[in-house]
Amino acid sequence: MNATHTPLAERLRPRTLGEVIGQQHLLGEGMALRVAFESGQPHSCILWGPPGVGKTTIARLMADAFDAQFLSISAVLGGVKEIRESVEQAIAARDSLDPKRTIMFVDEVHRFNKSQQDAFLPHVESGLFTFIGATTENPSFEVNSALLSRAAVYVLQSLSVDDLTQIIAKAQAIGAVPALEDAALERLIAYADGDARRLLNTLETLSVAANREKLEEINDAWLMRVLGERMRRYDKGGEQFYDTISALHKSVRGSDPDAALYWLVRMLDGGAEPKYMARRLIRMAAEDIGLADPRALRLALDAAEVYERLGSPEGELALAECVVYLAVAPKSNAVYKAYNEARALIKKDGTRPVPMHLRNAPTKMMKDMDWGKGYRYAHDEEDGFAAGVNYMPEGLENTGFYRPVERGLEIKIADKLRHLRDKNKQAGK
């Protein structure tokens, strides 16, 4: 095939370990995966990381390093039939006149169900092949424990700005991409968001368009015109990204469901990672709603889980449902403020001893030293409350952090605390 018709990603694919860009925490001198390559003994592993960071490339290089047959299955497209056929190919390679090891690479392994993942186990244990799974999801949740126990887990990281810049330079060195104006280069790197595959595919699109228009340099305005909707409306990590997430948070805090929904959709449409958005919603539920409506935190966690199960675009509806609920829920930052006050006090205060009546006394010696003496078991007291007992260290008896607001469930919480404090006063406190 003519090189000009070979995809750019394939033309730039590393042929040796030294050509790999990024992942130096695993592939640098003396690092875990480099040592594994140099050992001459392949071992089963899980490569966990975001898209476009080199999982397939590393698996292919491992096959080359060990002169092994490379078999690849996509869990998105394959099933038991493909697994069975791959096992037969591995047996044939092992039993041939020129025996060869087999590297079995399973892309998106988390998409295989339990029985499909179990189908690999006997062959991993027998040594028929070395299993390499690639996943964008946490393997401790998505990969069977039996398979996970037989594989080392390596965590790959998103490519850095320097890494992506190197990739562009390599593409330009082989004449695949015209010169890039600084602003266009920065926008491309922000758009790639640590994903080399996205970057290379975008570069290929730009190259075709630039050649058609006989451009010698790509500028930012032309880049935006050509890519249009594919380009982010803000740079992740840039000022506009944080301005937009700030607008979403403040709309929720300000109890405006329409504005909150607008900013959520704007961020998703602009390319924000839905899992990141789910984490932000959980934070909003804890910080701005708190105990005024404890259901909000549970709903935010449920929305995150629903997205994990469904993915895009169906799972994004759960995020929309959550953001509307958070916006209309009663608001309280009382726990958030109390937590920060407690942290500030602990940071500046000394380590005060635990009062004797609150200490644990598992041994006779401790009991003889009066540890735990005078402790009153609240369940045995009237209304389940030991009136007059102090639970703070000496010198902090009247210190308070939590001040519930007069909204939502905290109205009832405030009433209860007033009642309990009145009982303490009557008991002589």
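Parameters at a glance
Residues numbered from 1 in each chain as written. Predicted model: local features only at pLDDT ≥ 70, side-chain atom pairs only at ≥ 80, totals over all residues. Heavy atoms only, no water. Axes fitted to C-alpha atoms, helices over the stretch in contact; angles between N-to-C directions. Helix = DSSP H or I, 4+ residues; strand = E, 2+ residues; numbered from the N terminus. Left-handed = near helix turned anticlockwise from the far one by under 90°. Contact = heavy atoms within 4.5 Å. Nonpolar A, V, L, I, M, F, W, Y, C, P; charged D, E, K, R; others polar. Buried < 20%, exposed > 50% of the residue type's maximum accessible area, 1.4 Å probe, protein only. Pairing = 2+ DSSP bridges. Salt bridge = Lys/Arg side-chain N within 4 Å of Asp/Glu carboxyl O. Phe/Tyr/Trp six-rings, centres within 6.5 Å; stacked < 30°, edge-to-face > 60°. Lys NZ or Arg CZ within 6 Å of the ring centre and 35° of its normal. 1 Å grid on protein atoms, 1.4 Å probe; cavity = no way out; pocket = protein on both sides within 12 Å on 5 of 7 lines; lining within 4 Å. Points joined across faces, edges and corners; volume = space filled by probe spheres on them.

Trainee: What exactly am I supposed to notice about the packing of helix α10 (residues 161-173) against helix α11 (residues 182-192) here?
Mentor: Each pair of packed helices can be described by the angle between their axes along with the distance between the axes. Between α10 and α11, the least distance of the axes is 10 Å, while the angle of their chain directions is 115°. For the element pair α10 and α11, the recorded crossing hand is right-handed. On α11, the residues that touch Val161, Leu164, Thr165 and Ile168 of α10 are Leu185, Ile189 and Ala192. The residue inventory of the contact of α10 with α11, partitioned by class, reads six nonpolar, one polar and no charged.

Trainee: Would you mind going over the side chain of His249 with me for this structure?
Mentor: Structurally, His249 can be placed in helix α14 (residues 239-253). Taking the relative accessible area as the measure of exposure, His249 reaches 7% and is therefore buried. Sequence-distant contacts of His249, that is, excluding residues within four places in its chain, are made with Arg280, Met284, Glu287 and Asp288.

Trainee: Can you walk me through the sheet that holds strand β3 (residues 102-107) in this structure?
Mentor: The strands making up a sheet associate through hydrogen bonds between their backbones, and the pairing can be parallel or antiparallel. One open sheet accounts for five strands, arranged β2-β3-β4-β1-β5; its pairing is parallel. The open sheet has two edge strands, β2 (69-74) and β5 (152-155), and neither has a second partner. Shown here is a sheet whose adjacent strand axes are inclined to one another by a mean of 20°, direction ignored. Relative to strand β4 (residues 130-135), strand β1 (residues 45-48) runs parallel, the two sharing four bridges. Opposite Leu47, over in β4, you have Ala134 as the bridge partner. Sitting on the sheet, helix α4 (residues 55-65) touches β1, β2, β3 and β4, and the angle it makes with β3 is about 170°.

Trainee: Whenever I open this one, the pattern of salt bridges confuses me. Can you help?
Mentor: Opposite charge on two side chains makes pairing possible when the charged atoms of those side chains draw close. Tallied over the entire structure, the rule returns 26 salt bridges. One salt bridge in this structure joins Arg94 and Asp95, with 2.9 Å as the shortest N-O distance. When salt bridges with common partners are traced through the structure, they connect Arg253, Arg283, Glu287 and Asp288 into a single cluster.

Trainee: Explanation requested: the packing of aromatic side chains in the structure shown.
Mentor: The relation between two aromatic rings is expressed through the spacing of the ring centres and the mutual angle of the planes. Within this structure, the stated rule accounts for six aromatic pairs. Between Phe37 and Phe66, the aromatic rings sit 6.3 Å apart at their centres with planes inclined by 25°, giving stacked as the arrangement. With Phe37 in helix α3 (residues 32-39) and Phe66 in the loop between α4 and β2, the pair connects residues that are 29 residues apart, well separated along the chain. For Phe37, a relative accessible area of 10% corresponds to the buried category. Look at Phe120 and Phe131: their rings are 5.1 Å apart centre to centre, the planes differ by 55°, and that puts the pair in the tilted class. On the criterion of sequence distance, the pair formed by Phe120 in the loop between α6 (114-118) and α7 (121-126) and Phe131 in strand β4 is long-range, its members being 11 residues apart. Counting every residue linked through ring pairs, the aromatic cluster contains Phe112, Phe120, Phe129 and Phe131. In this structure, Arg359 packs its charged tip against the face of Trp371, placed 5.0 Å from the ring centre.

Trainee: Would you take a moment to explain the layout of surface pockets for this structure?
Mentor: Each pocket or cavity is described by its volume, and for the second largest pocket that value is around 720 Å³. Every residue lining the second largest pocket is counted, 18 residues in all, and those nearest its centre are Glu397, Asn398, Thr399, Arg421 and Asn424.

Trainee: When you look at unusual backbone geometry in this model, what are you seeing that I'm missing?
Mentor: Outside of glycine, negative phi angles account for most residues, and trans bonds account for most peptide bonds. With an omega dihedral of 0°, the bond running from Ser312 to Pro313 counts as a cis peptide bond. If you trace the backbone, Pro313 turns up in the loop between α17 (295-310) and α18 (316-328). Phi angles above zero are rare outside glycine, and Asp383 is one such case at about 65°. Mapped onto the elements of the fold, Asp383 is located in the loop between α20 (364-368) and α21 (410-426). The class for Asp383 is exposed, based on a relative accessible area of 63%.

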